[in-house]
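Letter by letter, the chains look like this.
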Amino acid sequence: MRRAGQALLVLWAAFTASYVLLHLLPGDAILIKFQNPELGLSPEQLARIRQAYGSDGPAAYLHTLLGFLRGDFGYSIDTGTPVVERLAEALPETAKLAGLGFAVAIVLAVGIAFTPWLRELPSLFVAIPIFWVGILLIQLFSFRLKLVPVIGGSEWQQLILPVLTLAIPICAPIAQVLARGIDHAATQPFVQVVAAKGASRRWILWRHVARNAMLPALTMAGLTFGELIAGSVVTETVFGRNGVGRLTEQAVSSQDTPVLLAVVVLAATVFVLVNLIVDLLFPILDPRLRS
């Protein structure tokens, strides 16, 4: 219950900080869209439009917060459609990309951590920006090797490079923590005891060392999962995919505050829920934490 209360506090803080920062940014989305002489709107009409979008008056924050609690994210200033509908259209593609990217990142992290001569790769992966990874993969696998088409191809072919682009930077911190956990667990007394009983090196590594090394890596995986939304924004922009990333990029260009606020709250909710689940799994995975 304490962790659930802290999660709700984090969500409220994320909503409040995003609301304040978005409204402090220069520019006005209402004026950008509606202050056109050809529309012939008077200042009074602009004020009513602003009020209809919940962006006017001191009670706008409370009105927007109550709307989010009801699941009503308001209307997009750019298109005039409900924000929920725009998110519902974009979310499946991003969920598919993020889920596959996270799965591939876990596989890469395990492979790197358990292969000593690959352990220097995470430092390189962390230093490379996501957009540069995408451009490099396009140049190598599409233009030079011609293995994966950038334009056309099946749905799964179009997912290969975006998934790799998203997975490579995310796998790096997980692999680093897992490798350190393996090295630390391998020096513990229980390893010598199991080895003295005649267990093979492979048995000790996968049945004893790996299990103890997984707990810190699981925590890091939960933390990096929250980066999937931010990574998806860049990845979908580089590869021209329709999803939450492209929706966010369009909302930034048009200063569509309701959409941006909804995306931030969505990302914060995913981050908080994943980390809450990781906290609940710890007592199950580690018998020492069971009461």
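Described in the following lines is the structure provided in the data block. (Residues numbered from 1 in each chain as written. Predicted model: local features only at pLDDT ≥ 70, side-chain atom pairs only at ≥ 80, totals over all residues. Heavy atoms only, no water.)

### Structural notes on the packing of helix α5 (residues 83-113) against helix α8 (residues 157-185)
Following both chains from N to C, one finds α5 and α8 inclined at 40°, their axes separated by 6 Å at the closest point. Looking at the two axes, α5 sits oblique to α8. Considering the relative orientation of α5 and α8, their crossing is right-handed. Grouping the amino acids of the contact of α5 with α8 by side-chain chemistry returns 24 nonpolar, one polar and one charged. (Axes fitted to C-alpha atoms, helices over the stretch in contact; angles between N-to-C directions. Helix = DSSP H or I, 4+ residues; strand = E, 2+ residues; numbered from the N terminus. Parallel < 35°, antiparallel > 145°, perpendicular 65-115°, else oblique. Left-handed = near helix turned anticlockwise from the far one by under 90°. Nonpolar A, V, L, I, M, F, W, Y, C, P; charged D, E, K, R; others polar.)

### Let's talk about the packing of helix α11 (residues 227-239) against helix α12 (residues 244-254)
Orientation of α11 relative to α12, taken along the N-to-C sense of each, is 85°, at an axis distance of 7 Å. As the angle between them shows, α11 and α12 are arranged roughly perpendicular. Facing α11, whose interface residues are S232, V233, E236 and T237, α12 presents V244, G245, R246, T248 and E249. (Contact = heavy atoms within 4.5 Å.)

### Digging into the pattern of salt bridges
Per the counting criterion, the structure on display carries four salt bridges. Linking D256 and R86 is a salt bridge whose minimum nitrogen-to-oxygen distance equals 3.8 Å. Here D256 is found in the loop between α12 and α13 (257-285), whereas its partner R86 is found in helix α5, with 170 residues between them in sequence. (Salt bridge = Lys/Arg side-chain N within 4 Å of Asp/Glu carboxyl O.)

### Brief notes about the environment of A230
By the secondary structure assignment, A230 is in helix α11. The spacing of A230 and A267 is 37 residues in sequence and 8.3 Å in space, taken between C-alpha atoms.

### A word on α8
An ideal rise of 1.5 Å per residue puts 42 Å on 29 residues; α8 measures up with 40 Å between its terminal C-alpha atoms. Considering bend angle alone, the principal kink of α8 is centred on C171 and spans about 35°; proline P173 follows within four residues of it. Where burial is concerned, most of α8 is hidden: 21 out of the 29 residues are buried. (Expected span 1.5 Å × (residues − 1). Bend = angle between axes of the 7 residues up to and from the residue. Buried < 20%, exposed > 50% of the residue type's maximum accessible area, 1.4 Å probe, protein only.)

### Things to note about the nonpolar core
If you look at soluble globular proteins, the nonpolar side chains tend to sit buried side by side. Of all hydrophobic cores here, the largest spans 27 residues; its most connected members are I112, F125, L161, I170, C171 and L228. Within the residue set of this core, elements represented by two or more residues are α5, α7 (130-144), α8 and α11. It is α8 that provides the largest number of residues to this core, a total of eleven residues. Apart from residues lying up to four places away in sequence, L228 is in contact with A98, F102, L166 and I170. The next biggest cluster of nonpolar side chains, apart from the first, holds 18 residues, and it includes L65, V83, L87 and V265. (Core = buried A, V, L, I, M, F, W, Y, C linked by side-chain atoms within 4.5 Å.)

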